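So the chains spell out like this:
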Amino acid sequence: MDINYLIENANDDEIKQELLETLNPLIISSISRYCPIRGEFEDLLQDGRVIVLECIETYCEDRGHFLNYVKNYLKYFYLDTMKYLVKHESKIDLFEPNFDIEDGHITEEDFLEREIEVELYKAIRKVTERQREVLVLYYFKGKSHSEIASELGIKVRTVINTKMNAIAAIRRELGDKINVDR
């Protein structure tokens, strides 16, 4: 069925359901791209469906094409959710990056961005658990070296050395695979 027909007639409950099913791949790819947290997937999927229903209610044609409106709404919702979860959760189990194709095509820029994500993910998985923990606390949770030292029961100098060794290991691992600013 035509997406424009579904959008125009979305006040009917059956049509809303069909529109949700049609947009389900977009919701899933948005989760995997912007908030790939394995333990939260079902909740994120339900949140995405609620977002689509809200978009149906709030959309007007002067905001551009409906699918772009939904895509952007989902993107910023999941980015905000990811920031919140990283800040407030102690252990986060990420999905491995994937290459879901949104809207039936992928641009060269999207492909290169995802290739970098995959290489970085692989490199981060190769550092020690302690190094990963320090990186997450410092870069994602915004904690200072002294806060990390206190939380982990180690010296500040150890935190700094651990972080620097992790970064060096990631840079070595990435090598010529991607351009890393030194």
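Conventions used here
Residues numbered from 1 in each chain as written. Predicted model: local features only at pLDDT ≥ 70, side-chain atom pairs only at ≥ 80, totals over all residues. Heavy atoms only, no water. Helix = DSSP H or I, 4+ residues; strand = E, 2+ residues; numbered from the N terminus. Buried < 20%, exposed > 50% of the residue type's maximum accessible area, 1.4 Å probe, protein only. Arc of directions from axis to C-beta. Patch = residues over 30% accessible without salt bridge, like charges linked within 9 Å, V, L, I, M, F, W, Y side chains within 5 Å. Areas by Shrake-Rupley, 256 points an atom, 1.4 Å probe, with all protein chains shown as cover. Salt bridge = Lys/Arg side-chain N within 4 Å of Asp/Glu carboxyl O. Axes fitted to C-alpha atoms, helices over the stretch in contact; angles between N-to-C directions. Parallel < 35°, antiparallel > 145°, perpendicular 65-115°, else oblique. Left-handed = near helix turned anticlockwise from the far one by under 90°. Contact = heavy atoms within 4.5 Å. Nonpolar A, V, L, I, M, F, W, Y, C, P; charged D, E, K, R; others polar. Phe/Tyr/Trp six-rings, centres within 6.5 Å; stacked < 30°, edge-to-face > 60°. Lys NZ or Arg CZ within 6 Å of the ring centre and 35° of its normal. Core = buried A, V, L, I, M, F, W, Y, C linked by side-chain atoms within 4.5 Å. Lys, Arg positive; Asp, Glu negative; His and termini not counted. Charge placed at Lys NZ, Arg CZ, Asp CG, Glu CD.

J.: Just to check I follow, could you spell out the side chain of threonine 162 for this structure?
T.: The topology assignment puts threonine 162 in helix H8 (residues 156–174). The exposure class assigned to threonine 162 is buried, which follows from its relative accessible area of 12%.

J.: What should I look at first to understand helix H7 (residues 145–152) in this one?
T.: Residues that lie three or four places apart on an α-helix share one face, since the helix turns once every 3.6 residues. Among the residues making up H7, those that are buried are His145, Ile148, Ala149 and Leu152. Taken down its axis, H7 places every buried residue within 100° of arc, on the same side. Of the residues flanking the end of H7, it is glycine 153, one or two places downstream, whose phi is positive at about 70°.

J.: In this structure, what is going on with a nonpolar patch on the surface? I would like to understand it.
T.: Together, Val136, Tyr139 and Phe140 line one region of the surface with nonpolar side chains, adding up to about 310 Å² of accessible area. In this structure, valine 136 sits in helix H6 (residues 129–140).

J.: Hey, could you run me through the packing of helix H2 (residues 13–34) against helix H3 (residues 41–58) in this one?
T.: What describes two packed helices is the angle between their axes and the distance between those same axes. Put simply, H2 and H3 touch, their axes get as near as 9 Å, and they point 125° apart. Classified by the angle between their axes, H2 and H3 sit oblique to one another. For the crossing formed where H2 meets H3, the hand is right-handed. Counted together, Lys16, Leu19, Leu20, Leu23, Asn24, Ile27, Ile28 and Ile31 of H2 and Phe41, Leu44, Leu45, Gly48, Arg49, Val52, Leu53, Ile56 and Glu57 of H3 form the full contact between these two elements. Taken together, the residues of the contact of H2 with H3 sort by class into 12 nonpolar, two polar and three charged.

J.: Where do I start with the environment of threonine 22 in this structure?
T.: Its place among the elements puts threonine 22 in helix H2. Distance from threonine 22 to leucine 6, taken between C-alpha atoms, is 9.3 Å for residues 16 residues apart in sequence.

J.: It is not clear to me how the packing of aromatic side chains should be interpreted in this structure. Could you clarify?
T.: Between two aromatic rings, the relevant description is the distance of the centres plus the angle of the planes. Counted under the stated rule, the structure contains five aromatic pairs. Pairing phenylalanine 77 with tyrosine 78 gives two aromatic rings, centres 5.3 Å apart and planes at 65°, and the pair type is edge-to-face. A relative accessible area of 26% means that phenylalanine 77 is categorised as partly exposed. According to the relative accessible area criterion, tyrosine 78 is buried, its value standing at 0%. Each ring, one from tyrosine 138 and one from tyrosine 139, has its centre 4.8 Å from the other, and the planes form 85°; the classification is edge-to-face. Residue tyrosine 138 is classed as partly exposed on the basis of its relative accessible area, which comes to 26%. Grouping aromatic residues by their ring pairs yields a cluster made of Tyr59, Phe66, Tyr69 and Tyr73. One Lys or Arg, lysine 163, reaches over the ring of tyrosine 138 and ends 3.9 Å from the middle of that ring.

J.: Please explain the nonpolar core as it appears in this structure.
T.: Within soluble globular proteins, side chains that are nonpolar tend to cluster in buried spots. Counting residues in hydrophobic clusters, the biggest one holds 26 residues, and the most contacted among them are Leu19, Phe66 and Tyr78. The set of elements that each furnish at least two residues to this core consists of helix H1 (3–8), H2, H3 and helix H4 (66–88). Top element by residues in this core is H2. It accounts for eight residues.

J.: What am I meant to see in a negative patch on the surface here?
T.: A cluster of acidic residues, Asp12, Asp13, Glu14 and Glu18, forms a negative patch at the surface. Considering the arrangement of structural elements, one finds aspartate 13 in helix H2. What makes aspartate 13 exposed here is its relative accessible area of 59%.

J.: Help me understand the packing of H6 against H7, please; the structure alone is not making it clear to me.
T.: Contact pair H6 / H7: the axes reach a minimum separation of 10 Å and the direction vectors enclose 135°. Viewed along their axes, H6 and H7 adopt a mutual orientation that is oblique. The chirality of how H6 crosses H7 is right-handed. The residues of H7 that touch H6, namely those facing Arg130, Glu133, Val134, Leu137 and Tyr138, are His145, Ile148, Glu151 and Leu152. Its residues assigned to classes, the contact of H6 with H7 shows five nonpolar, one polar and three charged.

Read these as geometric descriptors, not functional statements.
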